[in-house]
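A closer look at the structure
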Amino acid sequence: MGLGKPAPKGRARIGGWGAAALITLALAATLLGGGQIGHATEASDGSAWLWSRTAGEVARVNPDSGQVEQRRGVTDARGHRVQVTQNDEHLLIHDLDTGRVSSLDLSGLGLSGRLDVGLRGDPHLAMTATAAAVIDRASGSVRALDPATLRPVGPVLQLPGPLAGGEFDDAGRLWVAVPQQGTAVALTVSARGAAVTLTTEVAEPGRDLGLSVLDQGALVVDRGGRDLVVATPGGTRRVTAPVPLAGALVPERTHGALAAITVPAAGSVVTLGDVGKSGPVLSFPLRDPVQEPAVPFAGKVYVPVRETGQVHVYDPAGRQTGVQSIPAGRGDLELQVREGNLFINAPGSPDARVIGSDGRARIVGKYPGKAGKGGDRPVVPGGGEKAPPLVPAPSIDPIFPNPFDPTPPHPGPAKPGIPPEPTESRTTGPKAGPSGGRPSAPRPSTRRPSSRGPSSRGPSSKAPSSKAPAKKSPRPTTKPKPKPTRNPYTPQQVCNVGSGGGYYVQRSISFHGGRAYLLYSNSTKKNCAVTMKTANVGKGTSVWVQLKKQSGGHPAYDGGTFKYYAGPVYVNAPGICVSFSGGASGASASAGWGNCG
């Protein structure tokens, strides 16, 4: 490929952001508590903040000693999944279970902000030394933020969603892949907003792409073939992987010269040496089922194995050189590289590790009294002051209804205490059963694609039956609203209405015209898969989804002519790996075995 060219007109446009309806802001308050922090908390070089889910707090770890230097409780986040993003001045805490983001000023001034990105779509936060952004990878919108206050700055940049990636390289460029166009895009984020500075063609339009941001540029993985493309401002370099890359996993950010691509479907890890030049392309077999990407660090490859609580260490050719064992972290491991150190965190346990560039590990005890000198008790959040309420921003996308809005979009009373769910028409939620309560859970479907005409049925192929004849609804007297141009439902909504609730996205794969999701519920212990349309939304087209477990048996399948999504389908697979796939209108994508816990 030749040199990357500036983005042509039509590649990106500035416009309204549908998710703005879900964004709320407040100053001088934070999920970490109102008022000032109390004393200065200057971050030491290379330190990292690690999340402890059970305790509901973040701890700052000194990589040289492995000691916890400071801890902060996070209000109302105990037991939640939390993503921590940091630089030397600010700490962003994204509660993935509520959609709320909090900013902590590490200089100790106490000025902070709150941002509600909601649970809809796929919001992702990225931050560099001077700028921050929230990327809705499902819709393709990018919004620049003030890192201190989280106040949006500048206009919204709208790219064709869905996107892959979304991290900054060392030069301050924010990289994303646009599968619909087959491009890798570099953005600048400043006080004036987000803007496209470079668009590089990396694959045929509509391919399923993954992206890992490098120190300079990005590594793009074509999951529909074997192509690996290194995209930089100076041009592109294409190499061929030794195995098919279907379902390949890559870390959000790759630090250093070595890159790693995890391919569970092929049972392999592909390594790319000296990624910025022409290093060797190698592969070695996976010895355990994995569901997280391997992370390269200091010339080695660290492969997390969640079901054993271990991280296996390999050289690029596949020779195992060590293992880091965190038994209390079974099913729950996070790896991040920060300023020359690798941090291995088990959010659900008091344990963590920090690995130096020499490969030496230091034990971290995140709780007081544990190995690694966990530090004092956390500061009690709140300080006795009541934080001001969040102030909702006005909606700027009235055509796209909010599926969590308790007001029914059609005449008729809403059921008390029950938010509307996707319905028989996939516009208002499934019908209630004869008792008037929540709809009964449908059995996992094994239907093959229907040859009947366009259908807009909801999660199950049949509505719950009732002996009483259905009453005809009166014709609306008002002019009907235009059909939504984007999918008004979320994977969580679809899965929750069909089986108990508590489902959260574990993995997703995109294809031209849609995205397939795998979700899991700790309460039902079931996996759920659903395919959400991103093109021809509101129009009946062929859509399908499939979910199967590695131990065999009939896969759970749902397919037909639908307006918004296919599914949900469920599989109960304790301790067994599952794979999922989906498609719409002739395009499809599949993910390899994973989620084995």
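Summary of the structure given here. (Residues numbered from 1 in each chain as written. Predicted model: local features only at pLDDT ≥ 70, side-chain atom pairs only at ≥ 80, totals over all residues. Heavy atoms only, no water.)

Examining the sheet that holds strand β39 (residues 565-571)
One open sheet holds the four strands; their spatial order is β34-β35-β36-β39, and the pairing between them is antiparallel. Since the sheet does not close on itself, it has two edges, and those belong to β34 (503-511) and β39, each with one partner. Strand after strand, the sheet turns through a mean of 15 degrees between neighbouring axes, direction not considered. Where strand β36 (residues 527-533) lies against β39, five bridges are found, and the strand directions are antiparallel. Residue pairing across strands places Asn527 opposite Val571, the latter belonging to β39. (Pairing = 2+ DSSP bridges. Helix = DSSP H or I, 4+ residues; strand = E, 2+ residues; numbered from the N terminus. Axes fitted to C-alpha atoms, helices over the stretch in contact; angles between N-to-C directions.)

A word on the nonpolar core
Ile509, Ala529, Leu547, Val569, Val571, Val578 and Phe580 are the most contacted members of the largest nonpolar core, which has 20 residues in total. Put simply, the parts of the chain that give this core at least two residues each are β34, β35 (514-521), β37 (541-549), β38 (556-562), β39, β40 (578-584) and β41 (587-590). (Core = buried A, V, L, I, M, F, W, Y, C linked by side-chain atoms within 4.5 Å. Buried < 20%, exposed > 50% of the residue type's maximum accessible area, 1.4 Å probe, protein only.)

A short note on the side chain of Thr254
For Thr254, the position within the fold is in the loop between β21 (235-240) and β22 (259-263). Thr254 gets classed as buried once you look at its relative accessible area, which sits at 1%. A distance of 2.7 Å separates polar atoms of two side chains, one belonging to Thr254 and the other to Ser212. Ignoring sequence-local partners within four residues, the contact set of Thr254 consists of Ser212, Val213, Leu214, Asp215, Ala259 and Pro296. (Polar contact = N/O pair within 3.5 Å; in protein donor to acceptor, adjacent residues only side chain to side chain. Contact = heavy atoms within 4.5 Å.)

Observations regarding unusual backbone geometry
The omega angle of the peptide bond from Gly161 to Pro162 is 0 degrees, so this bond is cis rather than trans. If you trace the backbone, Pro162 turns up in the loop between β13 (152-158) and β14 (164-168). At Asp274, a residue that is not glycine, the phi angle is positive and equals roughly 45 degrees. Its relative accessible area of 34% is what places Asp274 among the partly exposed residues. The backbone of Ala298 shows a phi angle near 50 degrees, a positive value even though the residue is not glycine. Assignment of secondary structure puts Ala298 in the loop between β25 (295-297) and β26 (300-305). Overall, Ala298 belongs to the partly exposed group, its relative accessible area being 46%.

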